[in-house]
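Summary of structural features
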Amino acid sequence: MSKLIYILNGPNLNLLGQRQVDIYGGETLEDITRDCTALADELGVAIEQFQSNHEGGLVDVIHQARGQAAGIIINAAAYTHTSVAILDALNTFEGPVVELHISQVHKREEFRHHSYIAQRADAVMAGFGTYGYQLAVRHLAKLLKA
Ligand code: CA2
């Protein structure tokens, strides 16, 4: 069976492509998921995408990933900068974790420079736009097949 990668997206990312396109681009979450699914097929892995506007919802999905997923790509959005709960949940997951941000957070407001998730992440990506999701799938696929 294909190795499964969870792609987790946090608050407001359901609005991708509809607002703030200057920062986050014109692609919707559905576009990203479609492109990542096609790429995952090519690479011999599988993906599942989850989005929640709630901290606990993201924690629940990370718990679900235990025993189901081989790796996690997470854009926790604003919770990146605030959530010890999501960090604690990620610390219970044994596979590789990629932290992803569409924008280059280090060029933005200072409050976006700190990430709780970075303390657990095996790789951190920022500023690749929505194409970053495909790069992250490629990275995890290579890692998981090695
Ligand atoms: O650059 C990223 O991917 C962020 O994780 C996005 C978060 C932000 O709080 C982080 O600092 C960086 C915000 C996501 C908001 O998404 C929207 C999408 C479309 C329209 C409005 C908001």
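Structural notes, computed from the coordinates.

1. Details of the packing of aromatic side chains
What the rule picks out here adds up to one aromatic pair. With a centroid separation of 4.7 Å and an interplanar angle of 50 degrees, the aromatic rings of Y6 and F50 are classed as tilted. Residue Y6 is found in strand β1 (residues 3–9), and its partner F50 is found in strand β2 (residues 45–51); the two are separated by 44 residues along the sequence. Accessibility classification places Y6 together with F50 in one group, the buried group.

2. So, the sheet that holds β1
Strand order in the open sheet made by the five strands is β2-β1-β3-β4-β5, with parallel pairing throughout. At either end of the open sheet lies a strand with only one pairing partner, and these are β2 and β5 (123–126). On average, each strand axis in the sheet is inclined to that of its neighbour by 20 degrees, with strand direction left out of account. Bridge count for strand β4 (residues 97–101) against β5 is four bridges, and the pairing is parallel.

Rules used in this analysis
Residues numbered from 1 in each chain as written. Predicted model: local features only at pLDDT ≥ 70, side-chain atom pairs only at ≥ 80, totals over all residues. Heavy atoms only, no water. Phe/Tyr/Trp six-rings, centres within 6.5 Å; stacked < 30°, edge-to-face > 60°. Helix = DSSP H or I, 4+ residues; strand = E, 2+ residues; numbered from the N terminus. Buried < 20%, exposed > 50% of the residue type's maximum accessible area, 1.4 Å probe, protein only. Pairing = 2+ DSSP bridges. Axes fitted to C-alpha atoms, helices over the stretch in contact; angles between N-to-C directions.

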